[in-house]
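Chain by chain, the residues run as shown.
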Amino acid sequence: GPSAAILFVDLDQFKSVNDTLGHHVGDALLKSVGERIAGCVSGNDVVARLGGDEFAILHHRPLASTRLLAKQLVDAFKLPFSNEHGDIVIGASVGVALAPEHGQNTDALLKSADLALYGAKANGAGTYCFFEPEMEELAHRRRDLEVGLRMAMENGELAIDYQPVIDLESGAIAGCEALMRWNSPEWGDVSPSEFIPVAEATGLIASLGEWILNEAATTARQWPDGTTVAV
């Protein structure tokens with residue numbers, strides 16, 4: 001089996017705790033998190049806080065116990081943390097990379113663990129995920145899409161399709177749904193199921209939302225009175 005594994009643990013919802021209850025609660029919570037992680041690992045594992053709300057574990061074990069540890073970590077964060085504000089529940093996502101298969105040196109391993117963590121989050125918070133080679137390609141594609149999406153907004157590559165909503169009783173068009181479309185000079189039509197998650201992950205979603213609201217409202221003003229538009 002592999003000689004070692006790196007597990008990245010990233011806290012879900014930690015930022016909102018910090019923002020709503022303050023940094024002193026956040027700091028106390030991070031200490032409790034560290035203790036809870038330490039309670040999952042065995043004696044010769046090494047736990048480190050990488051910064052923010054991300055921790056790493058160096059685990060010298062065969063694959064079966066690495067999988068078990070990843071599952072234990074995710075499960076451990078399903079239990080609430082108690083403090084003077086009551087109970088706080090923050091989940092954890094875990095990304096796992098194995099040495100030597102997923103990286104011959106520290107940098108490569110950390111990068112693989114990070115991609116696996118991204119994969120875990122994409123599957124929904126509170127899960128663990130092992131690195132897979134195709135994650136590399138997906139990450140490149142995501143980066144390309146992010147750059148492309150920024151350009152698309154500036155270059156007018158975005159458009160809206162209006163899908164009519166039909167009143168079944170009268171058969172009349174009661175309104176429309178505004179659906180965002182992206183026609184890229186490089187990739188042709190990019191599916192919203194691919195570019196919307198990229199926009200959400202990078203914060204571009206706010207400016208995309210503003211653009212489509214303005215655009216749809218401007219267009220809808222030219223329609224007959226009483227026609228609604230849903231964005």
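Here the structure is a predicted model, which means the values were calculated and not measured.

(A) Just the overall build of the chain, in detail. Assigned secondary structure in the chain consists of seven helices and 11 strands. Against the 2.2 N^0.38 benchmark of 17 Å for 231 residues, the chain shows a C-alpha radius of gyration of 23 Å, more extended than a compact globule. For the C-alpha atoms alone, the extent of the chain along its principal axes is close to 70 × 45 × 35 Å. When contacts within the chain are restricted to residue pairs at least 6 apart in sequence, long-range pairs at least 24 apart make up 62% of them. For the chain, the exposed area adds up to about 12,900 Å²; of that, 54% sits on carbon and sulfur atoms. A gap of 7 Å separates the mean positions of the 16 positive and 33 negative side-chain charges of the chain.

(B) Quick peek at helix 3 (residues 63–76). In this model helix 3 runs 20 Å from its N-terminal to its C-terminal C-alpha over 14 residues, within 8% of the 20 Å that 1.5 Å per residue would give. Turning to helix 3, its buried residues number three or more, namely Thr66, Leu69, Ala70, Leu73, Val74 and Ala76. Burial along helix 3 is one-sided: seen end-on, the buried residues are contained in an arc of 165°. Relative to its buried face, helix 3 has exposed residues pointing more than 90 degrees away, namely Ala64 and Leu68.

(C) Main features of the nonpolar core. If you look at the biggest cluster of nonpolar residues, it comprises 29 residues, and the most contacted ones within it are Leu7 and Leu73. Contributing elements (two or more residues each) for this core: strand 1 (4–11), helix 1 (14–21), helix 2 (23–40), strand 3 (54–59), helix 3 and strand 6 (92–99). The residues contacting Leu7, other than those within four sequence positions of it, are Phe55, Ala56, Ile57, His59, Thr66, Leu69, Ala70, Leu73, Val94, Gly95 and Val96.

(D) The arrangement of the environment of Glu134 in detail. Mapped onto the fold, Glu134 is located in helix 5 (residues 134–155). Its relative accessible area of 42% is what places Glu134 among the partly exposed residues. With 57 residues separating them along the chain, Glu134 and Ser191 place their C-alpha atoms 20 Å apart.

(E) Representation of the pattern of salt bridges within the structure. Within this structure, the stated rule accounts for eight salt bridges. The closest approach of N and O atoms between Arg141 and Glu194, which form a salt bridge, is 2.8 Å. With a gap of 53 residues between them, Arg141 in helix 5 and Glu194 in helix 6 (residues 192–202) connect regions that are remote in the sequence. With a closest N to O distance of 3.0 Å, Glu146 and Arg150 form a salt bridge.

(F) Seen up close, the pairing of strand 6. Counting buried residues in strand 6 gives eight out of eight residues, a clear majority hidden from the surface. Burial along strand 6 is two-sided: the face carrying Ala92, Val94, Val96 and Leu98 and the face carrying Ser93, Gly95, Ala97 and Ala99 are both buried. Across eight bridges, strand 1 lies against strand 6 in antiparallel orientation. Looking at strand 6, one finds that Ala4 is bridged to Ala99. Pairing analysis gives three bridges linking strand 6 to strand 7 (residues 128–130), with the strands arranged parallel. The residue bridging Gly95 from the neighbouring strand is Cys129, located in strand 7. Regarding topology, helix 4 (residues 106–122) serves as the crossover connection from strand 6 to the parallel strand 7, and that connection is left-handed.

(G) Up close: the sheet that holds strand 2 (residues 46–51). If you trace the five strands from one edge of the open sheet to the other, you get 2-3-1-6-7, paired in mixed fashion. Edge strands, defined here as strands with exactly one partner in the open sheet, are strand 2 and strand 7. Between one strand axis and the next, the sheet turns through 20° on average, direction left out of account. The strands touched by helix 3 within the sheet are strand 1, strand 3, strand 6 and strand 7, with strand 6 carrying the most contacts at an inclination of about 165°.

Parameters and conventions
Residues numbered from 1 in each chain as written. Predicted model: local features only at pLDDT ≥ 70, side-chain atom pairs only at ≥ 80, totals over all residues. Heavy atoms only, no water. Helix = DSSP H or I, 4+ residues; strand = E, 2+ residues; numbered from the N terminus. Rg over C-alpha atoms; globule rule 2.2 N^0.38 Å. Contact = heavy atoms within 4.5 Å. Areas by Shrake-Rupley, 256 points an atom, 1.4 Å probe, with all protein chains shown as cover. Lys, Arg positive; Asp, Glu negative; His and termini not counted. Charge placed at Lys NZ, Arg CZ, Asp CG, Glu CD. Expected span 1.5 Å × (residues − 1). Buried < 20%, exposed > 50% of the residue type's maximum accessible area, 1.4 Å probe, protein only. Arc of directions from axis to C-beta. Core = buried A, V, L, I, M, F, W, Y, C linked by side-chain atoms within 4.5 Å. Salt bridge = Lys/Arg side-chain N within 4 Å of Asp/Glu carboxyl O. Pairing = 2+ DSSP bridges. Right-handed = clockwise from strand over helix to strand, strands pointing away. Axes fitted to C-alpha atoms, helices over the stretch in contact; angles between N-to-C directions.

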